[in-house]
Structure formats: structure tokens, C-alpha cells
Amino acid sequence: MNDILITGSSRGIGRATALYLANNGYNIVLHCSKNIERLEPLRDEIKKKGVNVRCLAFDVSDRTEAQTCLLNDIEKNGIYYGVVLNAGITSDNPFPAMEDSDWDKVIKTNLDGFYNVLKPLIMPMIQEKCGRIIVMSSISGQCGNRGQVNYSASKAGLIGAAKALSQEVAKRKITVNCIAPGLIETDMTKEIAPEAIKSVPMKRMGSGEEVASLVNYLLSKDAAYITGQVIGVNGGLYL
Ligand code: NDP
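These lines cover the structure that appears in this document, whether it is placed above or below. Just so you know, these numbers come straight off a predicted model, no measurement behind them.

For the structure shown, the criterion picks out zero disulfides. Here C55 stays free of any disulfide, with the sulfur of C32 as its closest cysteine sulfur at 7.8 Å. Overall, C55 belongs to the buried group, its relative accessible area being 18%. With no disulfide partner, C143 has as its closest neighbouring cysteine sulfur the one in C178, 14 Å distant.

This is the structure we're talking about:
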């Protein structure tokens, strides 16, 4: 039992995590929202590293689609050792200008995604009596960030959900932790203002690999007694 599902691994932090974990010998389950064939070049790159890799595509905000796809996959291939809940979106706007759709799509993807992905997986994980769940929150969920009332709410909600679940499953030797990245260089942050980078004490953005290395540690046996935590990867940034 060595398979790790990484939601949203077509790009950015999820992609970097898939490559990092494959280098460390884990079997990888790649995932994107749609058009599964987009994952093929990454799948082939990972395959060359000598680990098993397969691909899933479903919208994490669609409960039925997520459940059907995940149950089908674990029926064929067995339950995952680790789940990295990484898929997420922003739809920023100052609160007075925020549209209903900005609020709804961010909450449905980022927060409902936790429920939609983990609900079908949790009983099979509990039956294995070991496992790791890693949730990609954000510094915006810890501190709030202007223009991101929706996103901050979703990412703070994930912290509460992860802490509660960690208590429920601790006796089954499943750990549940959040990572709270600061500014990481990906598609999500390509429009970021240069002033934002100046506010980072380390004066640079982080890389996907710098987040991936923490995922790798949290998956390891060394991290077996760490649960219910929120760990920042943020170059010293505190919003
Ligand atoms: P990217 O925008 O680069 O990638 C997002 C990933 O999520 C893609 O693989 C995308 O798949 C997937 N995704 C988005 N919506 C859905 C959906 N509805 N269903 C399924 N998959 C979906 O983001 P990052 O790599 O920057 O961010 C990854 C995570 O880290 C997110 O949760 C983000 O909130 C968090 N984070 C990022 C920070 C940063 O500075 N970059 C800072 C703090 C937190 P597809 O290619 O199919 O669209």
C-alpha cells in the first residue's frame, strides 16, 4: 500500500509534489478536473522513474462524479496510503464587488472538495488502520487576505475540518495535517504584484518543490506522531 492520490496534480504545487514523491518511490495517482489526456506527458515522465502511475479526472466540486471515479479506482487498485487534497482555485474580488458566483465556486471547489473526495475514501482508509491525509490550506486561511474573503473562508474551513477529522481517525493511525503555503510560484500567482513579493521576509516566492518536500515528510514514518497541525511554507510571511 504505497499509492498516493494528489488532487490537482496537472500543474503547480500538485505537479511538483507528484514528481517529488515519485522520486521517493511512491506510486502516484495523478488527477485533474477534466481532459485526462492532458496528464499523459507527466504520467510518462513519472513512469520512467520506475514507479506505478495512473490518472483520474473529475471535478472535485461534483460530489457524484468524485465518488463514482474514486470508488471505481479503489475497487480496481486498492485504497491509497496517502491523499493530498491539493486541488483549489481563487476568484478574487473586494467583498463589495464579489459576485455570488465568486463565492460559490471557491467554496464548492476548495471546501466541498474536502468532503467530496474524502467521504468515499475514509472508511476504506480506516479499515487499513494507517494512512496520511494532507490538506493544502493557505496563509490566507490562517490570517485572512484582502480581496480573498471567499478563498480565506474556504482555506480556514479546511483547517477546522482537518483538525476535527484528525481527532476522529487518530486511533486508526491515520494522520491529518494542513500545509499553509505563502506565495508559491505557479499559475495561481502569475498575476501577483511585485510589492507582494517585497512583503515576504525572504524576498522571493517559494517553489512547488519546497511545498512538496513537506508533503514527503508528512507521508513518512518519521511523521507518524504529527497530526492535527497546520504547517506554514511561507518564507517568513505573516499577512
Ligand atoms: P494551480 O492553479 O497551479 O493548479 C490548480 C490545480 O487544481 C490544477 O491541477 C487544477 O486542475 C486543479 N483544480 C482546480 N479546480 C479543480 C476542480 N474543480 N476539480 C478538480 N481539480 C481542480 O494552483 P497551485 O498549484 O498554485 O495551488 C495548489 C493548491 O495550493 C491550491 O489548493 C491552492 O489554493 C493552494 N495554495 C497555493 C498557493 C500559491 O501561492 N500558489 C498559496 C497557498 C495555497 P486543472 O488543470 O484540471 O484545472
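Another point: helix α3 (residues 63-77). Here α3 spans 21 Å end to end across 15 residues, near enough to the 21 Å set by a 1.5 Å rise per residue. Considered for burial, the residues of α3 that qualify are A66, C69, L70, D73 and I74. All buried residues of α3 project into a common sector of 120° when viewed along the axis, lining one side. Opposite its buried face, α3 presents the exposed residues T64, T68, E75 and K76, each directed more than 90 degrees away.

If you walk through the whole model with that rule in mind, you get six salt bridges. Residue D3 pairs with R54 through a salt bridge whose shortest N-O separation is 3.1 Å. Placement of the pair is D3 in strand β1 (residues 3-6) and R54 in strand β3 (residues 53-57), with a sequence separation of 51 residues. The pair formed by D3 and R54 is uniform in burial state, with each residue classed as buried. Each member of the salt-bridge network shares a partner with another, and the members are D3, R54 and D73.

Our focus in this paragraph is the packing of helix α1 (residues 12-23) against helix α2 (residues 40-47). With their axes 10 Å apart at the nearest point, α1 and α2 run at an angle of 20° to one another. In terms of their interaxial angle, α1 and α2 are classed as roughly parallel. Viewed along their axes, α1 and α2 form a crossing whose handedness is right-handed. Listed contacts from α2 to R15, A18, L19 and A22 of α1 are L42, E45 and I46.

Moving on, we come to the environment of G82. Looking at the secondary structure, you find G82 in strand β4 (residues 82-85). Along the primary structure G82 and V211 are separated by 129 residues, whereas in three dimensions their C-alpha atoms are 16 Å apart. Once you skip the residues sitting within four places of it in the chain, G82 turns out to touch D3, I4, L5, R132 and L219.

The rules behind these values
- Residues numbered from 1 in each chain as written.
- Predicted model: local features only at pLDDT ≥ 70, side-chain atom pairs only at ≥ 80, totals over all residues.
- Heavy atoms only, no water.
- Disulfide = S-S within 2.5 Å.
- Buried < 20%, exposed > 50% of the residue type's maximum accessible area, 1.4 Å probe, protein only.
- Helix = DSSP H or I, 4+ residues; strand = E, 2+ residues; numbered from the N terminus.
- Expected span 1.5 Å × (residues − 1).
- Arc of directions from axis to C-beta.
- Salt bridge = Lys/Arg side-chain N within 4 Å of Asp/Glu carboxyl O.
- Axes fitted to C-alpha atoms, helices over the stretch in contact; angles between N-to-C directions.
- Parallel < 35°, antiparallel > 145°, perpendicular 65-115°, else oblique.
- Left-handed = near helix turned anticlockwise from the far one by under 90°.
- Contact = heavy atoms within 4.5 Å.

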